Amino acid sequence: MADYTLALSHVGRHDADLVGGKAAGLGALIGAGFPVPDGFVVTTAAYRDFLDTTGLAGRGPQELHERIPCAPVPERIVAAVRAAGAGLRGPVAVRSSGTAEDLAGASFAGQHDTYLGVDGEQAVLAAVRNCWASLWTPRAVAYRERYRWDESDLALAVVVQEMVDAEWAGVLFTADPVTGRRDRVVVEAVRGLGEALVSGTATGEHLVADKATGRPVSGAAAVPGTCELVRIGRDVEEAFGAPQDIEWAYTAGRFQLVQARPLTALPDEPDAPPRGGRRRRDYGMAADHMPFPPFPMDTSLFLRPALRAVLAATRSAGLATPTLEETVVEIDDGVVQLVPPPGVRLTGRAVTGLPRALPGLVRLLCTSTTAWRDRSDRTLVAGCRRADAADLRGLSDRELLEQVDALLATTGGLMPSRFGAVPRGVLAGAMSERLLAAVVGRERVASLHAGLMSAIPCVTTSANAALERMAATVRADPELRDAYCEEEPAQVAERLRGSAAGRALLADVDAYLREFGFREMSIFTVGLPPLRETPEVAHGLIKGLARGRPADVDAATRLARARAELACARGPRARLLAPVVRRLVDAARTAAGFREDSHYQLMMTIAVVRRVLLELGRRYCERGLLDTPDDIAYLERAEVSDLVPAAVRETVARRKAARRAALPGYTIIPAELMALPAEGSGVRGTPASRGTAVGPVRVVHDESEFATLQDGEVLVCPYTNPTWTPLFALASAVVVDAGGAASHAAIVAREHGIPAVMGTVNGTRLLVDGQRVVVDGNAGTVAHVGAAG
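The structure contained in this document is the topic of the report that follows.

How each quantity is defined
Residues numbered from 1 in each chain as written. Predicted model: local features only at pLDDT ≥ 70, side-chain atom pairs only at ≥ 80, totals over all residues. Heavy atoms only, no water. Helix = DSSP H or I, 4+ residues; strand = E, 2+ residues; numbered from the N terminus. Buried < 20%, exposed > 50% of the residue type's maximum accessible area, 1.4 Å probe, protein only. Polar contact = N/O pair within 3.5 Å; in protein donor to acceptor, adjacent residues only side chain to side chain. Expected span 1.5 Å × (residues − 1). Bend = angle between axes of the 7 residues up to and from the residue. Patch = residues over 30% accessible without salt bridge, like charges linked within 9 Å, V, L, I, M, F, W, Y side chains within 5 Å. Areas by Shrake-Rupley, 256 points an atom, 1.4 Å probe, with all protein chains shown as cover. Salt bridge = Lys/Arg side-chain N within 4 Å of Asp/Glu carboxyl O. Pairing = 2+ DSSP bridges. Contact = heavy atoms within 4.5 Å.

Mapping His-539 onto the fold places it in helix α20 (residues 535-547). Judged by relative accessible area, which is 3%, His-539 ranks as buried. Separated by 2.9 Å, the side chains of His-539 and Tyr-484 make a polar contact.

What follows covers helix α22 (residues 572-622). Since the α-helix packs 3.6 residues into each turn, any two residues three or four apart lie on the same face. Here α22 contains 51 residues, and its C-alpha end-to-end distance of 75 Å stays within 8% of the 75 Å for a straight helix at 1.5 Å per residue. The largest bend along α22 reaches roughly 35° and is located at Ala-578, with the proline Pro-579 sitting one to four residues downstream. Among the 51 residues that make up α22, 36 are buried, leaving the element largely enclosed by the rest of the structure. Gly-624 occupies a position one or two residues after α22 and carries a positive phi of about 80°.

Attention now moves to a nonpolar patch on the surface. A surface patch of nonpolar side chains, about 330 Å² in accessible area, is lined by Leu-358, Leu-361, Val-362 and Leu-365. Mapping Leu-361 onto the fold places it in helix α12 (residues 350-365).

Take the sheet that holds strand β17 (residues 714-717) next. Ordered in space as β14-β21-β20-β16-β17-β18-β19-β15, the eight strands form an open sheet in which the pairing is mixed. Every other strand in the sheet has two partners, leaving β14 (683-684) and β15 (686-689) as the edge strands with one partner each. The pairing of strand β20 (residues 772-776) with strand β21 (residues 781-784) spans four bridges and is antiparallel. Along β21, the bridge assignment pairs Val-775 with Val-782.

Attention now moves to the environment of Arg-385. Positionally, Arg-385 belongs in helix α13 (residues 369-389). A residue is classified by how much of its surface remains accessible, and Arg-385, at 39% relative accessible area, is partly exposed. For the pair Arg-385 and Phe-240, spaced 145 residues apart in sequence, the C-alpha to C-alpha distance is 57 Å. Setting aside anything within four residues of it in sequence, one finds Arg-385 in contact with Arg-514, Phe-518 and Met-604.

And the structure:
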């Protein structure tokens, strides 16, 4: 009886002679951990026994095709089918699985029969016989003749599986079967069962997507969870070692695979240019600021409004602009990417629009940083402080949302002038470094300029100094030092509460978080906690700094020495250029401090808005609408105003799944538009801070790993923001997947006088802990010089 049927879970990839190609593929999918409906296979042994018993063995194709459906199935095979199907629920799908199908050279797609919604033992047996008979249809015979297939030992197995009550179904090709591009996937989908699509009787939704991200290249992602489907396809292709043709069904929020076979007749891969022939560009700064997908609430509160304003201003000046929908592209439910325009193109309106826009642009570029600070302190900072101190429990839902809208309106009014004030300082910094080279020579310019830009008065400098003071306290006290050495950052606070010195230090940490805790941890988001909600991160930073050595020279001393060196410069060039350099450096320092402080004030808005939204989320939890207050980040602002209770949980669950699926390989700008390192070029990026350093690698993926960095190690990380910068006091060099020479990490690395390479894309993937590397901040390269320990 065991020879006649076999559970799909017991089928292996190499059992094709017994179970046919389709069943062997399903068994391999199950063995690799992919979701496949339960079922069994009626083996080729049953088919051959049936032919022998009924006297049909050796008959011609036409006679086999006509007589098999009418011939009685031996009782021993009936019993085997009955026993194997006893555990299946509801109607089943009965599908042919030939020994000559789903092969790399010939798929035999559509040559043999499938029957859906089969219910009852007699109906199943009839469907099995019809599948056997389909081996000998004129079309199947002709197909084999075309491939000169030997029919002497031909047999057919039959797969019997539980039916999937599909909301959507279709086919996923893990390479583009038309163009041959291996970096694309193609999805064909229909509502309901997929048989009409694969049989060619229905035309479904067509989507071409980027294989790495799941982002649509053409067509629309009509199927929920498209990124998850693409991820499954990537995993299947990797498991089976070749591009795949996958049939799938979607129901109850999850995908199930009902077939996987090699993708046949795939053209050679072309040398495809980027989208529309567009040149790849360096979008490292965007990737550094947004290394993860923004939450739907972020998109509705910040992203779309900001870009809508930029596009409107650009359009009014007479420049051609894409639509907001073309710029903020939803690649899956709630997951977006930004598609920058390919370039600047004037329209007929530019004749009048540009002259009208020029005075406003000049005013923005001439923004006084002092005036901006005064205005921000009076409006934005004061409003944030009031909202943060308010008892939110006494406000209605509507009043909470009004607080959010008021804070964002204030922020929106300050944003244009904030960005307008920055370019002057960036230009001053670049000019000062160029002129300084003429004064002191190229060999000294990098070190001297870094010293001149040290100890900039700003919130980041103050926050880092506060951490260093606490680390010094820990170094000086054996009891505190032991607590930080022996405990994980999340457990340190509990240990500290047991001593007077520990409680005093905890009071300092609390004061630090009150003053500097509005800082974001990874991205501009209301969906993730800021520093003040994660004190363990502060303890991790203190732990790492306390373990290292105090800096030989503090920033103020470096600044004083650099100014003294510039003042001592001699020669005609020095007399002529040194005063200009000093003025330019002063302007650059003012701008750098303004950039840090204004950035922090904008982050203050996001942290306070998060607090208000969490109160709303808490209320929704009490009403049974959400599971956790943080889930409110998966809704958009308009959806919160006009809730549909029955749909909220489903929407949140769907968007959570889409976000999880999008995280691997996500880039805020489509990868095909970004400048990437050449294949096989190792770790290479943008030179961001000059110098050369050799040391062991320490990969720090996120803030939970801050405490792992040891003194003298090369910090390798996926992104940075000001919260990361205290680590630079320990690092011998910095290598970052994202960012550019103007990023926070690059600026602070230059202050510390350590080399930095930004925008490597692949640093965290190619470098491993303990590997000795040489980081060349002049060339932007990272070279391997020793084995991992």
